[in-house]
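# Structure assessment
Residue strings, one per chain:
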Amino acid sequence: MPERPVGVDYSELHRLDSPANRLLRDSIWGAAADIGQQSFITPRYLDDIIARLRIGPDTHVLDVGSGTGGPAVYIARATGCRVTGVEINEVGVETAGRLAEGAGLAERVRVVQGDALHLPFGDAEFDVAISLNVMNVFDDKTAVFREVRRVLRPGGTWAFLSGTFELGPDDADARARLARGYLIPQFYDSLAQYKRKLYDAGFRIDEAVEFISDFWVQVGRWGDAYRTHRDAVAAEQGDETTDYHITYFRTYLDLIEQGKASNHLLIARAPGGDAPDTPV
Ligand SMILES: C[S@@+](CC[C@H](N)C(=O)[O-])C[C@H]1O[C@@H](n2cnc3c(N)ncnc32)[C@H](O)[C@@H]1O
């Protein structure tokens, strides 16, 4: 039998109601804060993002890497807006469809299978694009940003939440542990690197907001949940993947405590529209 590679995709995590995922999700969020997210996102983050981006009933939002669709459903329900998600993993797409249907929001929340590097949409289709805890999977982030810019209307808003890392030559071990630890390869950028890549893709940056307090708690909770339910998770997801996850969350938390990892919301604007392209 061929060896099962570690960390191929998100399929196992995207089956939200599997026995192991139920244990993990109940430990991390409990019923009140489990909105069908597959990330470090909480309702509080989403409320903050909705307010900052002024999402309302007339906004058409693109959610890049929408996962199981929980954040898309939450945003559509809270604002009356339309959300289109794009997600590469088919289990995530199916789960998101069921979630939207169950929430009675199938007309306003649609998730399509596709790759953020080749977005399956025409030019200028969206007012706002968001992405939540996805950017680390992309080696070429400038290429993703250019694709997002293409599908945004002139003056549209691009906002993504991502871990940010200040790693030096002494952090080679930590970098290797993180890289193997989370299902698919990860590519870590510092805040400065993100800013430069946004400018390279033609965006103007409006805000870079550090969201660290909840983030620290969320990373800790994921790690605690994996340790507490290690055997049940390993029975479903395999020993190797489970133990890599535990190492990943421990490493992430250590880096946060050393001041080398954080979590930022970057809000940028596409050129054109009513907003001035250069400061006045
Ligand atoms: C940590 S999850 C976040 C999901 C969701 N944003 C949330 O907060 O619940 C990252 C997601 O990115 C998706 N993804 C990875 N590579 C992608 C790509 N090239 N295009 C679209 N989605 C991708 C993964 O399948 C996964 O669902």
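Computed from a prediction, not measured in an experiment: that's the story for all the values here. Per-chain numbering applies: the sequence of each chain, read as written, is numbered from 1 onward. Given that the model is predicted, a residue must reach a pLDDT of at least 70 before its local features are reported, and side-chain atom pairs must reach 80 or more before they are shown or counted; all residues, however, enter totals for whole chains, interfaces and linings.

Time to look at the overall build of the protein. Every helix listed is a DSSP run of H or I at least four residues long, and every strand listed is a run of E at least two residues long, numbered separately from the N terminus. Scanning the protein from N- to C-terminus turns up 12 helices and 7 strands. The C-alpha radius of gyration of the protein comes to 18 Å, within 12% of the 19 Å expected for a compact globule of 280 residues. Taking the principal axes of the C-alpha coordinates as reference, the protein spans close to 55 × 50 × 40 Å. Across the protein, every contact between residues at least 6 apart in sequence was considered, and the portion connecting residues at least 24 apart equals 79%. Using C-alpha atoms as the atom set, the radius of gyration is obtained and then compared with a globule rule of 2.2 Å times the number of residues to the power 0.38. It is the C-beta atoms, placed from the backbone, that decide contacts: two residues are in contact if theirs lie within 7 Å.

Using a C-beta atom placed from the backbone, a residue is scored as near a molecule or strand whenever that atom is within 6 Å of it. The environment of the ligand is made up of 22 residues, and the closest members are Ser39, Gly65, Gly67, Ala116 and Leu132. When residues of the shell around the ligand are traced back to their parent elements, those giving at least two are helix 5 (70–79) and strand 2 (82–87). Of the residues that constitute the shell around the ligand, the class distribution is 10 nonpolar, 10 polar and 2 charged. Residue polarity follows a fixed list, in which Ala, Val, Leu, Ile, Met, Phe, Trp, Tyr, Cys and Pro are nonpolar, Asp, Glu, Lys and Arg are charged, and the others, Gly among them, are polar.

Taken as a whole, the protein shows an average pLDDT of 92; of its residues, 93% reach a score of 70 or greater. Residue range residues 1–8 is modelled with pLDDT below 50. Its contacts to residues more than four positions away, or to other chains, number 9 contacts. Confidence per residue, as judged by the predictor, is encoded in pLDDT with a range of 0 to 100.

Quick look at the pairing of strand 7 (residues 261–269) now. Regular strands place side chains that alternate from one sheet face to the opposite one. Of all the 9 residues making up strand 7, 8 are buried; the element is thus mostly covered by neighbouring parts of the structure. What makes two strands pair is DSSP finding at least two bridges between them. Taken together, the 9 bridges between strand 5 (residues 152–165) and strand 7 define a ladder with antiparallel strand orientation. By the bridge assignment, alanine 159 is partnered in strand 7 with isoleucine 267. Note that strand 6 (residues 204–210) and strand 7 share 6 bridges and pair antiparallel. Of the residues in strand 7, the one forming a bridge with isoleucine 205 is alanine 268. Field definition: a residue is buried when 20 or more other C-beta atoms are found within 10 Å of its C-beta, exposed when 12 or fewer are, and partly exposed for counts in between, with C-beta atoms placed from the backbone.

We now examine the environment of aspartate 173. Note that aspartate 173 resides in helix 8 (residues 172–181). Taking the C-beta count within 10 Å as the criterion, aspartate 173 has 9 such neighbours and is therefore assigned exposed. For aspartate 173 and glutamine 186, which are 13 residues apart along the polypeptide, the C-alpha to C-alpha distance reads 14 Å.

Val61, Ile75, Ala129, Trp158 and Ala159 are the most contacted members of the largest nonpolar core, which has 70 residues in total. Ignoring anything within four residues of it in the chain, the contact list for valine 61 reads Ile55, Ile75, Cys81, Arg82, Val83, Phe126, Val128 and Ile130. A set of buried Ala, Val, Leu, Ile, Met, Phe, Trp, Tyr and Cys residues, joined to one another through C-beta atoms within 7 Å, is what we call a nonpolar core.

To continue, consider unusual backbone geometry. Here the phi dihedral of arginine 54 falls at roughly 50°; this positive angle occurs in a residue that is not glycine. Its place among the elements puts arginine 54 in the loop between helix 4 (43–53) and strand 1 (60–64). Positive phi, normally seen in glycine, also occurs at asparagine 133, with a value near 55°. Summarising the element assignment, asparagine 133 is placed in the loop between strand 4 (126–132) and helix 7 (141–151).

Turning our attention to the packing of helix 7 against helix 9 (residues 191–200). A pair of packed helices is characterised by two quantities: the angle between their axes and the separation of those axes. Look at helix 7 against helix 9: their axes get within 9 Å of each other, and the N-to-C directions meet at 45°. By the angle between their axes, helix 7 is oblique relative to helix 9. Both helix 7 and helix 9 take part in a crossing whose hand is right-handed. Residues Lys141, Thr142 and Phe145 of helix 7 lie in contact with helix 9, whose contacting residues are Lys197, Leu198 and Asp200. Convention adopted: a line fitted to C-alpha atoms gives each axis, helices being fitted over their contacting stretch, and angles between N-to-C directions are expressed from 0 to 180 degrees. Any angle that is under 35 degrees is reported as roughly parallel, and any over 145 degrees as roughly antiparallel; angles of 65 to 115 degrees are reported as roughly perpendicular and all others as oblique. Crossings are sorted by hand: turned counterclockwise from the far helix by less than a right angle, the near helix makes the crossing left-handed, and turned clockwise it makes it right-handed.

What follows deals with the sheet that holds strand 2. With mixed pairing, 7 strands are arranged side by side in an open sheet as 3-2-1-4-5-7-6. Among the strands making up the open sheet, the edge pair consists of strand 3 (109–113) and strand 6. Each strand axis lies, on average, 20° off the axis of its neighbour in the sheet, ignoring direction.

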